[in-house]
Amino acid sequence: MIELRHVSKVFPTADGELRALNDINLTIGDGDVFGIVGMSGAGKSTLVRCINLLERPTQGQVVIDGKDLCALPEKELILQRRAIAMIFQQFNLLMQRTCLKNICFPMEIAGVKPTEAKKRALEYLGIVGLPDKADAYPAQLSGGQKQRVAIARALASDPKILLCDEATSALDPKTTRDILRLIQDINRRLGITVVVITHEMAVVEEICSHVAILDHGVLQETGTVEEVFSSPKTEAGRRLVYPDGVVIDQLPAANVIRIAFNGGSSYEPLIASLAIDCGVKANILGADTRNVNGQAFGTMLLGLPDDPDQIARAMNYIKNQPNVTVEEVRDYHG
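Basis of the calculations
- Residues numbered from 1 in each chain as written.
- Predicted model: local features only at pLDDT ≥ 70, side-chain atom pairs only at ≥ 80, totals over all residues.
- Heavy atoms only, no water.
- Pairing = 2+ DSSP bridges.
- Helix = DSSP H or I, 4+ residues; strand = E, 2+ residues; numbered from the N terminus.
- pLDDT = per-residue confidence, 0-100.
- Contact = heavy atoms within 4.5 Å.
- Axes fitted to C-alpha atoms, helices over the stretch in contact; angles between N-to-C directions.
- Parallel < 35°, antiparallel > 145°, perpendicular 65-115°, else oblique.
- Left-handed = near helix turned anticlockwise from the far one by under 90°.
- Nonpolar A, V, L, I, M, F, W, Y, C, P; charged D, E, K, R; others polar.
- Salt bridge = Lys/Arg side-chain N within 4 Å of Asp/Glu carboxyl O.
- Buried < 20%, exposed > 50% of the residue type's maximum accessible area, 1.4 Å probe, protein only.
- Right-handed = clockwise from strand over helix to strand, strands pointing away.

Now for the sheet that holds strand β2 (residues 16-28). One open sheet holds the four strands; their spatial order is β2-β1-β4-β5, and the pairing between them is antiparallel. For this open sheet the edge positions go to β2 and β5 (67-68), each flanked by a neighbour on one side alone. Note that strand β1 (residues 2-13) and β2 share nine bridges and pair antiparallel. Directly across from V7, in β2, lies its bridge partner I24.

Right, let's get into the confidence of the model for the protein. Of the residues in the protein, 93% reach a pLDDT of 70 or more, and the chain-wide mean stands at 86. Averaged pLDDT values for the elements of the protein fall to 74 in strand β12 (residues 283-292) and rise to 95 in strand β4 (residues 59-64). The low-confidence segment residues 246-253 (pLDDT under 50) makes 24 contacts with residues lying over four places distant or belonging to another chain.

Packing of helix α5 (residues 143-155) against helix α6 (residues 173-190) leaves a shortest axis separation of 10 Å and a crossing angle of 20°. Taken together, α5 and α6 sit at an angle that is classed as roughly parallel. Viewed along their axes, α5 and α6 form a crossing whose handedness is right-handed. Every residue of α6 that contacts α5 at G144, Q147, R148, I151 and L155 is listed here: T175, D178, I179, L182, I183, I186 and L190.

This part covers the sheet that holds strand β6 (residues 84-88). Spatially, β6-β7-β8-β3-β9-β10 is the arrangement adopted by the six strands of the open sheet, whose pairing is mixed. Of all strands in the sheet, those bounded by a partner on one side alone are β6 and β10 (218-224). Going from strand to strand, the sheet's axes swing by 15° on average, the running direction of each strand aside. Examined bridge by bridge, strand β7 (residues 161-165) and strand β8 (residues 193-198) share five bridges and lie parallel to one another. Pairing of D165 across the sheet is with I197, part of β8. Contacting β6 and β7, α5 runs over the sheet at an angle of about 170° to β6.

Relative placement of two packed helices is described by the angle separating their axes and the distance separating the axes. The interhelical angle for the contact between helix α3 (residues 99-109) and α5, taken along N-to-C directions, is 30°, at an axis separation of 7 Å. The angle between α3 and α5 places the two elements in the roughly parallel class. In terms of crossing hand, the pair formed by α3 and α5 is right-handed. From α3, C99, N102, I103 and P106 reach across to α5, where they touch V149, A152 and R153. Here the contact of α3 with α5 is composed, by residue class, of five nonpolar, one polar and one charged.

Another aspect to go through is the pattern of salt bridges. Counted under the stated rule, the structure contains 12 salt bridges. In this structure, R49 and D165 form a salt bridge, with 2.4 Å as the shortest nitrogen-oxygen distance. Of the two residues, R49 sits in helix α1 (residues 44-51) while D165 sits in strand β7, which places them 116 residues apart along the sequence. Under the relative-accessibility criterion, R49 is labelled partly exposed at 24%. Linked through salt bridges whose partners overlap, the residues forming this network are K174, D178 and R181.

Moving on: the pairing of β8. Of all six residues making up β8, six are buried, and the element is well covered by its neighbours. In terms of strand pairing, strand β3 (residues 33-37) meets β8 through five bridges, oriented parallel. In the strand pairing of β8, I36 is matched with I197. Once you follow β7 into α6 and on to β8, the crossover reads as right-handed.

Following this line, the structure appears as structure tokens:
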């Protein structure tokens with residue numbers, strides 16, 4: 001288990017102190033895929049670097065499996081860090097070494113015998129789907145292949161925790177999905193706890209079980225992905241979950257309703273069913289919905305016919321659907 005207790009980080013600058021993190025309290029369970037998300041400048045990368053003490057917190061404790069890393073002597077800290085691997089946006093491979101030797105590198109530092117290191121490195125290349133790239137150099141690889149080698153190198157230290165700092169930001173969408181699936185597969189097969197730092201909610205949707213939202217160094221909210229996506233409690237959460245969200249405050253009036261999808265099946269065609277089952281044809285005025293592991297989250301604005309009977313039928317029908325809430329929207333103007 002990873003626990004951040006009242007963690008703050010202050011950097012001195014020419015203009016005074018910059019408070020990058022402010023009193024962060026966060027718990028990440030063993031085996032979780034935990035997303036930490038926020039806009040640029042939110043403090044995400046500083047936070048992840050505090051987990052392995054690449055950045056030492058100005059205040060607070062970083063407790064992993066009951067040990068406060070901040071209080072450990074340097075030698076013991078080095079040993080603890082071996083259980084925490086990290087992958088980066090720019091891969092950070094050694095360009096003069098082959099893929100195999102890149103993966104062997106952390107084992108060399110740890111004193112693993114060369115024959116054993118080579119054997120394990122070949123196994124890790126197989127795990128990441130690059131068994132034929134042992135003798136290739138990083139310059140000969142695509143971005144996705146470089147990140148796979150970086151993941152294999154991270155696995156070489158036999159970590160309990162894998163930190164991913166914007167690990168897919170430099171990749172195209174298809175390659176991003178492939179790398180995320182690989183990380184998810186490693187989590188499931190090896191039981192490694194994964195912490196994913198990202199500014200993209202799509203990454204969180206793809207693989208994370210839990211998420212924390214960070215804004216200007218402050219932890220705004222945290223919970224399961226389903227909880228946060230169905231009902232973000234803070235303005236920072238709403239901006240990230242619904243970046244193009246439907247604004248329903250101070251809108252003007254005319255038979256407009258707001259539907260919120262709270263985790264039901266994303267494959268149920270609610271609007272089509274409304275027309276077929278109730279004979280009510282609704283206009284979609286705006287929507288911001290997403291599919292998270294087959295579950296629907298988000299909001300939708302519907303315009304209903306003027307007939308009061310049809311409005312009543314539609315409201316009653318929607319209210320009886322599981323994992324859906326509905327409310328009238330006053331003062332709507334399109």
